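# Structure assessment
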Amino acid sequence: MIRKACENDIEDISDLLIQVRETHTALRKDLFASGTKKYTNEELKNIIHNENTPVFVFERDSKVVGHAFCIFENYDSEIWVKHKTLYIDDICVDVNERGKGIATALVEYVKDFAKQSGCYNITLNVWGGNTNAESLYSRLGFKTYKTGMEIIL
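Now for a quick tour of the structure. (Residues numbered from 1 in each chain as written. Predicted model: local features only at pLDDT ≥ 70, side-chain atom pairs only at ≥ 80, totals over all residues. Heavy atoms only, no water.)

Here we come to the layout of surface pockets. Roughly 180 Å³ of internal volume is contained in the second largest pocket. Lining the second largest pocket we find E73, Y75, W80, H83, T85, Y87, N121, T123, N125, Y145 and K146. (1 Å grid on protein atoms, 1.4 Å probe; cavity = no way out; pocket = protein on both sides within 12 Å on 5 of 7 lines; lining within 4 Å. Points joined across faces, edges and corners; volume = space filled by probe spheres on them.)

What follows is the structure, given as structure tokens:
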């Protein structure tokens, strides 16, 4: 079942956020600290209650085993054609549940939500080297629209 997150989900979401951090740490030990999570519980409460930052969870047997954190972005200036985007800030499926279609179901749910919300597109970022995520998103129809580059000094 996919639904909007609620405060009762914070513990399970926190566990998933630690898994996300470990994935990122494995890719970029120079940038990410192991054993941490992206948000405090108080920050998670605020995010869950904010209409501009919807969070969706995939629940199985009364446990959240996947999530998608989203952010509405509005582009309305002289340099942009006016449009609304739904940015997927974070998506995760529990390591024990991967390969079962949960990420696909979450993305499809987010796509329907974005359409109903009047969005023009959905965007997300993938860290270089996360080939599993790149492959998944490509299979789901995502295309590269910009590339971030760096020089490590």
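Once you've had a look at it, read on.
On the basis of which strands lie adjacent, the open sheet formed by 5 strands has the order β1-β2-β3-β4-β5 and mixed pairing. Two strands in the sheet have a free side with no partner beyond their single neighbour: β1 (2–4) and β5 (121–124). The sheet shows a mean angle of 30° between the axes of neighbouring strands, taken without regard to direction. (Pairing = 2+ DSSP bridges. Helix = DSSP H or I, 4+ residues; strand = E, 2+ residues; numbered from the N terminus. Axes fitted to C-alpha atoms, helices over the stretch in contact; angles between N-to-C directions.)

This paragraph deals with helix α4 (residues 131–139). Regarding α4, the residues found buried are A133, L136 and Y137. For α4, the arc enclosing every buried residue in end-on projection is 95°, short of the 170-degree limit, so these residues lie on one face. In this structure, α4 carries T131 and R139 as exposed residues pointing more than 90 degrees from its buried face. Taken together, the buried residues of α4 touch β4 (83–93), α3 (102–116) and β5. Two residues or fewer after α4 comes G141, characterised by a positive phi angle close to 100°. (Buried < 20%, exposed > 50% of the residue type's maximum accessible area, 1.4 Å probe, protein only. Arc of directions from axis to C-beta. Contact = heavy atoms within 4.5 Å.)

Turning next to the packing of aromatic side chains. Inspection of every chain in the model, using the stated rule, returns 7 aromatic pairs. Note on Y137 and F142: the rings are 5.7 Å apart at their centroids and 65° apart in plane angle, and the pair reads as edge-to-face. The same class applies to Y137 and to F142, which are both buried. Put simply, the rings of F56, F72, Y109 and F113 pair up and form one aromatic cluster. Looking at K84, its charged tip hangs above the ring of F72, at a distance of 4.9 Å from the centre. (Phe/Tyr/Trp six-rings, centres within 6.5 Å; stacked < 30°, edge-to-face > 60°. Lys NZ or Arg CZ within 6 Å of the ring centre and 35° of its normal.)

Membership of the largest hydrophobic core comes to 26 residues, with the highest contact counts inside it found for L86, I88, I91, V110, I122, Y137 and F142. Elements with a minimum of two residues in this core: β2 (55–60), β3 (63–75), β4, α3, β5 and α4. Per-element tally for this core: the top contributor is α3, with 7 residues. Those residues in contact with L86, other than ones at most four positions away along the chain, are P54, C70, I71, F72, V110, F113, A114, C119, N121, I122 and T123. Listed in part, the 15 residues of the second largest apolar core include L17, V20, I48 and F69. (Core = buried A, V, L, I, M, F, W, Y, C linked by side-chain atoms within 4.5 Å.)

Under the 1.5 Å per step criterion, the end-to-end length of helix α1 (residues 10–27) is 26 Å for 18 residues, consistent within 8% with the ideal 26 Å. Those residues of α1 lying buried are I10, D12, I13, S14, L16, L17, Q19, V20, R21, H24 and T25. In this structure, the buried residues of α1 make contact with α2 (41–49), β2, β3 and β4. (Expected span 1.5 Å × (residues − 1).)

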